[in-house]
Amino acid sequence: MALEQEKFCFVVDDDKEFRESLLTLLEAAGYRARAFSSAAEFLELVDTLLPAVLLLDLRMPLISGLEMLEDDAIDLTRFAVVMISGHGDIERAVRSIKAGAIDFIEKPFEAAELLALIDVVQAGLVKRLDASAHKSVAVAKVHTLSPREEEVLRLLLTGAPNKIVARTLGLSVRTVEMHRAHMLTKLGARSTAEALHIAMLADTAPWQTVELA
């Protein structure tokens, strides 16, 4: 994944001198950094930006960082948000965490402190994006199954053996075995255990009621 090779960080702050100092710091630390002078400027381009750590000023004119986070119409799920708060903004900073920020740092702060925090947040973002990518692949695989194959899969998620799957669906055990084999092929799974893992990654719902007796 590109994010593992290059580290991206965006800064949204209305203080020009502060923005420029952050850019210098981030680029020296190996980040590809870009700064925005306002929330509006950032939001104009947000759909074109790669996933990244987002350093977001808590208080800005017109649209604050907190307002961005609390606005359900603004999708920041591709970013790991770190709020930058001024002295006395702790209550708002806590609100930002509840609204989806990963962490916050209070001004003034040491460069090493900020970089250490960003490194941790960036590593977490990579893991989250990897997990999301794995889930997307699993969902796509499950969607290749026929309705009957998906029923077999959902019953297998309950721990039901072939004979119970057959009885539940009104099929012969041999027919269930055929559907199971086709299901494994479509999922690219070498075993039932691997197929069940793919199903769980895709959040496939188990069959609701199964009589195992």
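Residues numbered from 1 in each chain as written. Predicted model: local features only at pLDDT ≥ 70, side-chain atom pairs only at ≥ 80, totals over all residues. Heavy atoms only, no water.

Trainee: Quick question: what am I supposed to make of the overall build of the protein chain here?
Mentor: If you tally the helices and strands in the protein chain, you get 10 helices and 5 strands. Taken over C-alpha atoms, the radius of gyration comes to 24 Å for the protein chain, far larger than the 17 Å a tight globule of 213 residues would show. Counting only C-alpha atoms and orienting by the principal axes, one finds that the protein chain spans roughly 75 × 35 × 30 Å. Scored against the burial criterion, the 213 residues of the protein chain give a buried share of 40%. Taking as baseline every contact in the protein chain between residues at least 6 positions apart, the subset at least 24 positions apart corresponds to 64%. As displayed, the protein chain has an accessible area near 11700 Å², and 54% of this comes from carbon and sulfur atoms. Between the centroid of the 23 positive side chains of the protein chain and the centroid of its 32 negative side chains there is a distance of 11 Å. (Helix = DSSP H or I, 4+ residues; strand = E, 2+ residues; numbered from the N terminus. Rg over C-alpha atoms; globule rule 2.2 N^0.38 Å. Buried < 20%, exposed > 50% of the residue type's maximum accessible area, 1.4 Å probe, protein only. Contact = heavy atoms within 4.5 Å. Areas by Shrake-Rupley, 256 points an atom, 1.4 Å probe, with all protein chains shown as cover. Lys, Arg positive; Asp, Glu negative; His and termini not counted. Charge placed at Lys NZ, Arg CZ, Asp CG, Glu CD.)

Trainee: Any chance you could explain the sheet that holds strand 4 (residues 79-85) here in plain terms?
Mentor: A sheet is described by the order of its strands in space; here 5 strands give the open sequence 2-1-3-4-5, paired in parallel fashion. The outermost strands of the open sheet, each flanked by one partner alone, are strand 2 (31-36) and strand 5 (103-106). In this sheet, neighbouring strand axes are inclined to one another by 20° on average, regardless of whether the strands run parallel or antiparallel. Here 4 bridges tie strand 1 (residues 7-12) to strand 3 (residues 52-57), and the two strands are oriented parallel to one another. Bridged to Phe10 within strand 3 is Leu54. Taken strand by strand, helix 2 (residues 16-28) contacts strand 1, strand 2, strand 3 and strand 4, and its axis lies near 170° from that of strand 2. (Pairing = 2+ DSSP bridges. Axes fitted to C-alpha atoms, helices over the stretch in contact; angles between N-to-C directions.)

Trainee: What is the right way to read the environment of His182 from this model?
Mentor: Residue position: His182 is located in helix 9 (residues 173-187). Separated by 36 residues in the primary sequence, His182 and Ser146 place their C-alpha atoms 9.4 Å from one another.

Trainee: Would you explain the environment of Ser136 in this entry?
Mentor: Relative to the helices and strands, Ser136 is located in helix 6 (residues 111-142). We classify Ser136 as partly exposed; its relative accessible area is 46%. C-alpha of Ser136 to C-alpha of Leu50: the two residues are 86 residues apart in sequence and 18 Å apart in space.

Trainee: I keep staring at the nonpolar core and nothing clicks. Help me out?
Mentor: Proteins that are soluble and globular tend to have nonpolar side chains buried together. Core analysis: the biggest nonpolar cluster contains 23 residues, and Val142, Leu153, Val165, Met183 and Leu187 have the highest contact counts within it. Of all the elements in the fold, those that place two or more residues in this core are helix 6, helix 7 (147-156), helix 8 (162-169), helix 9 and helix 10 (192-201). (Core = buried A, V, L, I, M, F, W, Y, C linked by side-chain atoms within 4.5 Å.)

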